[in-house]
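# Observations on the three-dimensional arrangement
Residues per chain, in single letters:
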Amino acid sequence: MKNDVFTKLILSGILVCLIVIALKLNTNQNVQQPPPNVEVNNQGGRVVQLAPNRVGVIDSGHNSGWEQLVVFEYNPETKDFEVVSSLTYEDYFNHPERYGIPIRGDKYGN
């Protein structure tokens, strides 16, 4: 008889704990907003996603005169993209040895 009361008490405690856990899970749901879809008219360049709110636009030189990567970050307060930085990558590809980038026939065995 004592064993039945003890078992019912333990099972009731477990049930109460499960109900509390279930209620806490429903109230603490994190809703993640999808990143905004933005149409970019960059006249032949490519858009590369770098981070959740950061994109890079590869400018092939049609507008600026040199090939570069322009990095934009989305500002949710203004709902606009702002230029963060730019990188003229043409020199990296034409002269990789200046920047420590391995090339064919170097010490890395390529």
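What you see is a predicted model, and the numbers here were worked out from it, not measured in a lab. (Residues numbered from 1 in each chain as written. Predicted model: local features only at pLDDT ≥ 70, side-chain atom pairs only at ≥ 80, totals over all residues. Heavy atoms only, no water.)

Turning next to the pairing of strand E3 (residues 68-75). As a general feature of sheets, a regular strand has side chains that alternate between the two faces. Direction of pairing for strand E2 (residues 54-59) relative to E3: antiparallel, over a ladder of 6 bridges. The residue of E3 that forms the bridge with Val-55 is Phe-72. Note that E3 and strand E4 (residues 80-87) share 7 bridges and pair antiparallel. By the bridge assignment for E4, Tyr-74 is matched with Phe-81. (Pairing = 2+ DSSP bridges. Helix = DSSP H or I, 4+ residues; strand = E, 2+ residues; numbered from the N terminus.)

Following the sequence through the fold, Ser-60 ends up in the loop between E2 and E3. Put simply, Ser-60 and Arg-46 are 14 residues apart on the chain and 8.7 Å apart in space, counted from C-alpha to C-alpha.

Looking at where Asn-75 falls in the secondary structure, it is placed in strand E3. Excluding its chain neighbours within four sequence positions, the residues that come into contact with Asn-75 are Asp-80 and Glu-82. (Contact = heavy atoms within 4.5 Å.)

Among the secondary structure elements, Gln-68 is positioned in strand E3. Once you skip the residues sitting within four places of it in the chain, Gln-68 turns out to touch Val-57, Ile-58, Asp-59, Ser-86, Leu-87, Thr-88 and Tyr-89.

Summarising the model, the protein shows a mean pLDDT of 75, and 72% of its residues fall at 70 or more. When pLDDT is averaged over each helix and strand of the protein, the minimum, 76, is found for helix H2 (residues 90-94) and the maximum, 86, for E3. (pLDDT = per-residue confidence, 0-100.)

Our next topic: the sheet that holds E3. Reading across from one edge, E1-E2-E3-E4 is the order of the 4 strands in this open sheet, with antiparallel pairing throughout. At either end of the open sheet lies a strand with only one pairing partner, and these are strand E1 (46-51) and E4. Across the sheet, the axes of successive neighbouring strands diverge by a mean angle of 30 degrees, strand direction being ignored. (Axes fitted to C-alpha atoms, helices over the stretch in contact; angles between N-to-C directions.)

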